[in-house]
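# Per-entry structural report
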There are 2 protein chains.
Amino acid sequence: MTPGKTQRSVFFVSDRTGITAELLGKTLLTQFPGVEFHKRTLPFVDSVEKLQIAVAEINDCARQEGMRPVVFSTLIDEKLRTLIASAEALCIDLFADFISQLESELGQVSSHALGLSHGMGDELVYQKRMDAVNYTLLHDDGINTVNYDRAEVILVGVSRSGKTPTCLYLAMQYGIYAANYPLTPDDFSSQALPKSLMAHKAKLYGLTITAERLAKIRNERKPDSRYAALENCQSEIRAAENLLRQGHVPILDTTTMSVEEIAISILYGTGLIKRLKS
Amino acid sequence: MTPGKTQRSVFFVSDRTGITAELLGKTLLTQFPGVEFHKRTLPFVDSVEKLQIAVAEINDCARQEGMRPVVFSTLIDEKLRTLIASAEALCIDLFADFISQLESELGQVSSHALGLSHGMGDELVYQKRMDAVNYTLLHDDGINTVNYDRAEVILVGVSRSGKTPTCLYLAMQYGIYAANYPLTPDDFSSQALPKSLMAHKAKLYGLTITAERLAKIRNERKPDSRYAALENCQSEIRAAENLLRQGHVPILDTTTMSVEEIAISILYGTGLIKRLKS
């Protein structure tokens, strides 16, 4: 408990995983830094019985705290939506208003099918995502440079510039075949990017980072090593950026970016986003 | 273009990555299977100039198609929210109503800080996620059974039952140290789970799958192999389930589940969700 902050309980209630409710709900809550929120997610609430248990838990919470909780819900079934609205809480139904606006705009009644967004959905699309994860694992960290023909993007940068998690995120979320290649002192001694990379020049995307941030990240892995020393980071980054620039490879500075932000920037920077839309 | 389906254009407009807008927007759109949606995301729209370009693109689309598009937006800045509402579109502002409801409920004015949900956010939490991804990569597929002390969960099952993508998802999204161990014919010949696993019994979580589905997945990787043959899948699954049951390890059937659904089920099934809340 943080002194001076208001305490409020929050529930995310969903008929499926609750991922969407949490995501939008938490984004909204970040707008209230003066409140400390105690969050609970109730996923797979897909029957009247389960919903009644959820409402009982919410009402218990309201009684115990003497203050009604905030509930974010993503429930498709209308009966469940009516029931959750009866809870002793500020109930924010993330579907209600929007579904009716869309119905009148599109001139169609909604299907009321259960949340499709985090199920397997289109099996081919899902399979592509899982295949991409496997491809990325087999082409992580330059361990396999022969199958770059299938790569859709190849991230290039010094060790710990964010390549691996970004590749995995691109594969998992977007089904992108993402390989990555770490630039090491071996590469710096030659005057150009390795031939195995230059054969796929159009797919290359460079990641860079400030030396200070890189040294911090590397120090957590190998404290007080030459690998993590600031001067070494500086010289590796300088050499890597030179090679990338010389090869006319686009470069993204990841210093202050999350893996999600890096991934989206790459999707747009490479034009891969267009393939995803088709 | 699918014959007989209405065509409608959709834009997701965000001041950050657009992930939240896409997620909720797409969930809502899945409720209208009779309409074919052409989706475009406009991320990082964080200034009046960028917003004017976005509005121009939306209005162009409305003119060309003779029908106004649907716009889902997650914009924090009020000026930008007012501007997007002027576009020739059905504008669904995923923040507007909710922010004002929360303001009056919480008795606080919202901070109007830019979308924090997919930035680095709390650096320690973010670092934990990246560390967990690294841990998971080093403990994938039983390649390293010595560091199970640090594991928070160890998924156990036959090859291709969903262990690896689930571990990566748990690590990437929730910062969970997730290892996995593939049960192979070597394990089946003994009468119990390997000692390296049983030493961490409380962390074990079994994944199973129907033989038909497993054979299908394996056939895509190694067509017409003994590995993928239905009878072999049946006997591997039977042997694996026997070992898991004998070790009193909980078993989850992943046959019809997405990686997101498996991950959430494990978070709740193991009780790990409680650690995440604290």
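Each remark here, short or long, concerns the structure printed above.
Summarised in this report is the structure supplied together with it. This is a predicted model, so every value here is computed, not measured. Counting from 1, residues in each chain are numbered in the order their sequence is written. Chains carry letters from A onward and ligands carry numbers from 1 onward, assigned in written order. The model is predicted, so local features are restricted to residues of pLDDT at least 70 and side-chain atom pairs to those at 80 or more, both for listing and for counting; the totals for chains, interfaces and linings are taken over all residues.

## Notes on the overall build of chain A
Threshold: Only runs of H or I of at least four residues qualify as helices and only runs of E of at least two qualify as strands under DSSP, and these elements are numbered from the N terminus. Each radius of gyration is computed over the set of C-alpha atoms, and the globule rule expresses the reference value as 2.2 Å times the number of residues to the power 0.38. Field definition: a residue is buried when 20 or more other C-beta atoms are found within 10 Å of its C-beta, exposed when 12 or fewer are, and partly exposed for counts in between, with C-beta atoms placed from the backbone. By the convention adopted here, residues are in contact when the distance between their C-beta atoms, placed from the backbone, does not exceed 7 Å.
Regarding its fold elements, chain A presents 12 helices and eight strands. Over its C-alpha trace chain A gives a radius of gyration of 24 Å, far above what one expects of a compact globule, namely 19 Å for 278 residues. Taking the principal axes of its C-alpha atoms as reference, chain A extends roughly 70 × 50 × 30 Å. Counting over 278 residues, chain A shows a buried share of 43%. Within chain A, counting contacts between residues at least 6 apart in sequence, those at least 24 apart form 69% of the total.

## Comments concerning the sheet that holds strand β3 (residues 70-74) of chain A
Which entries qualify depends on this criterion: Two strands are counted as paired when DSSP detects at least two bridges linking them. Interaxial angles span 0 to 180 degrees and are taken between N-to-C directions of axes, which are lines fitted to C-alpha atoms, for helices over the stretch in contact.
Strand order across the open sheet formed by four strands is β2-β1-β3-β4 (chain A), with parallel pairing between neighbours. For this open sheet the edge positions go to β2 (35-42) and β4 (90-93) of chain A, each flanked by a neighbour on one side alone. If you compare each strand with its neighbour and ignore which way they point, the axes differ by 20° on average. Contacts from helix α3 (residues 78-85) of chain A reach β1 (6-14), β3 and β4 of chain A within the one sheet, and its direction differs from that of β4(A) by about 155°. Contacting β1, β2, β3 and β4 of chain A, helix α4 (residues 96-106) of chain B crosses the sheet at an angle of about 170° to β4(A).

## A closer look at the environment of B:Ala62
Residues and elements named next belong to chain B. Note on placement: Ala62 falls in helix α2 (residues 48-65). Overall, the presence of 16 C-beta atoms within 10 Å leaves Ala62 in the partly exposed class. Measuring from C-alpha to C-alpha, the distance between Ala62 and Arg8 comes to 9.9 Å, with 54 residues separating the pair along the chain.

## Quick notes on the pairing of strand β1 (residues 6-14) of chain B
Residues and elements named next belong to chain B. What counts, and what does not: Orienting the strands away from the viewer, one traces the path from the first strand over the helix to the second; a clockwise path indicates a right-handed crossover.
Two elements, β1 and strand β2 (residues 35-42), share eight bridges in a ladder whose sense is parallel. Looking at the pairing, Phe12 lines up with Thr41 of β2. In terms of handedness, the path from β1 via helix α1 (residues 19-29) over to β2 forms a crossover that is right-handed. Alignment of β1 against strand β3 (residues 70-74), held across five bridges, turns out to be parallel. From the neighbouring strand, Val13 faces β3, where its bridge partner is Ser73.

## Some thoughts on the relation of the copies chain B and chain A
Heads up, the rule is: Least squares is the method used to superpose the copies, on C-alpha atoms of residues holding a pLDDT of at least 70 in both.
Once turned by 180° and shifted 0.0 Å along the axis, chain B lies on chain A with an RMSD of 0.1 Å. Such a combination of rotation and displacement between the chain copies is what one expects of a two-fold axis. A share of 98% of interface residues in chain B that are also interface residues in chain A marks the association as one of identical surfaces.

## Comments concerning helix α10 (residues 230-246) of chain A
Residue and element names in this part refer to chain A. Applicable threshold: One fewer than the residue count of a helix, multiplied by 1.5 Å, yields its expected span. Note: the arc covers the axis-to-C-beta directions of the helix.
Relative to the 24 Å expected for 17 residues at 1.5 Å per residue, α10 spans 24 Å between its end C-alpha atoms, a close match to the ideal helical length. Among all positions of α10, only Cys233, Glu236, Ala240, Leu243 and Leu244 are buried. Take α10 and look down its axis: the buried residues cluster within an arc of 100°, on one side only. Away from the buried face of α10 by more than 90 degrees, exposed residues Glu231, Asn242, Arg245 and Gln246 are located. Tucked inside the fold, the buried residues of α10 contact β5 (153-158), β6 (178-183), α7 (185-189), β7 (204-208), α9 (211-221) and β8 (251-253).

## Comments concerning the interface of chain B and chain A
The condition is simple: Classes in brief: Ala, Val, Leu, Ile, Met, Phe, Trp, Tyr, Cys and Pro nonpolar; Asp, Glu, Lys and Arg charged; the others, Gly included, polar.
Facing 57 residues of chain B, the contacting portion of chain A comprises 56 residues. Tallied by class, the residues present in the side of chain B that touches chain A amount to 29 nonpolar, 19 polar and nine charged.

## Digging into unusual backbone geometry
Notably, A:Arg160 is not glycine yet its phi reads approximately 75°, a positive angle. Despite not being glycine, B:Asp224 has its phi angle at roughly 55°, a positive value. Within the element layout of this structure, B:Asp224 appears in the loop between α9 (211-221) and α10 (230-246). Given 8 C-beta atoms within a 10 Å radius, B:Asp224 is considered exposed.

## Quick look at helix α11 (residues 259-270) of chain B
Helix length check: α11(B) (12 residues) gives 16 Å between terminal C-alpha atoms against 16 Å at 1.5 Å per residue, within 8%. Just past α11(B), the residue B:Gly271 takes up positive phi, approximately 85°.

## Thoughts on the nonpolar core
To keep things clear, this is the line we draw: The term nonpolar core refers to a group of buried residues, namely Ala, Val, Leu, Ile, Met, Phe, Trp, Tyr and Cys, whose C-beta atoms join them within 7 Å.
Residues A:Val156, A:Ala171, B:Val156, B:Ala171 and B:Ala178 are the most contacted members of the largest nonpolar core, which totals 82 residues. Leave out the neighbours within four places in its chain, and B:Val156 touches B:Tyr181, B:Leu183, B:Leu197, B:Leu204, B:Tyr205, B:Gly206, B:Leu244 and B:Val249. One finds A:Ile76, B:Phe12, B:Leu42 and B:Val55 within the second-largest nonpolar core, a separate group that totals 66 residues.

## Considering the packing of helix α6 (residues 163-174) of chain B against α11(B)
For any two helices packed against each other, one specifies the inter-axial angle together with the distance between the axes. Residue and element names in this part refer to chain B. Just so we agree on the cut-off: For this classification, under 35 degrees means roughly parallel, over 145 means roughly antiparallel, 65 to 115 means roughly perpendicular, and everything else is oblique.
Interaxial distance between α6 and α11 falls to 9 Å at its minimum, and their mutual angle equals 70°. Regarding the angle of α6 to α11, the classification is roughly perpendicular. Contacts between α6 and α11 pair Pro165, Thr166, Tyr169, Leu170 and Tyr174 from the former with Val259, Glu260, Ile262, Ala263, Ile266 and Leu267 from the latter. A breakdown of the residues in the contact of α6 with α11 according to their chemical character gives nine nonpolar, one polar and one charged.

## Side note on the packing of helix α1 (residues 19-29) of chain A against α1(B)
In plain terms, the rule: Each helix crossing is assigned a hand: it is left-handed if the near helix lies turned anticlockwise from the far helix by less than a right angle, otherwise right-handed if that turn is clockwise.
For the pair α1(A) and α1(B), the least separation of the axes is 10 Å and the interaxial angle reads 135°. Overall, the two elements α1(A) and α1(B) adopt an arrangement that is oblique. The hand of the α1(A)/α1(B) crossing is left-handed. Across from A:Thr20, A:Leu23, A:Leu24 and A:Thr27 in α1(A), the residues of α1(B) making contact are B:Thr20, B:Leu23, B:Leu24 and B:Thr27.

## Points about the sheet that holds strand β7 (residues 204-208) of chain B
All names here are of chain B. Strand order across the open sheet formed by four strands is β6-β5-β7-β8, with parallel pairing between neighbours. Bordering the open sheet on either side are β6 (178-183) and β8 (251-253), each of which pairs with just one other strand. Pairwise comparison of adjacent strand axes, ignoring direction, gives a mean angle of 25° for this sheet. Two strands pair when backbone bridges link them, and strand β5 (residues 153-158) and β7 are joined in this way by three bridges, in the parallel orientation. Its bridge partner being in β7, Val156 is matched across the sheet by Gly206. Against the sheet, α11 contacts β5, β7 and β8, and its axis sits at roughly 155° relative to β8.

## Focus on the environment of A:Glu88
Tracing the backbone through its elements, the reader meets A:Glu88 in the loop between α3 and β4. Sequence spacing of A:Glu88 and A:Ile237 is 149 residues, and the spatial spacing of their C-alpha atoms is 56 Å.

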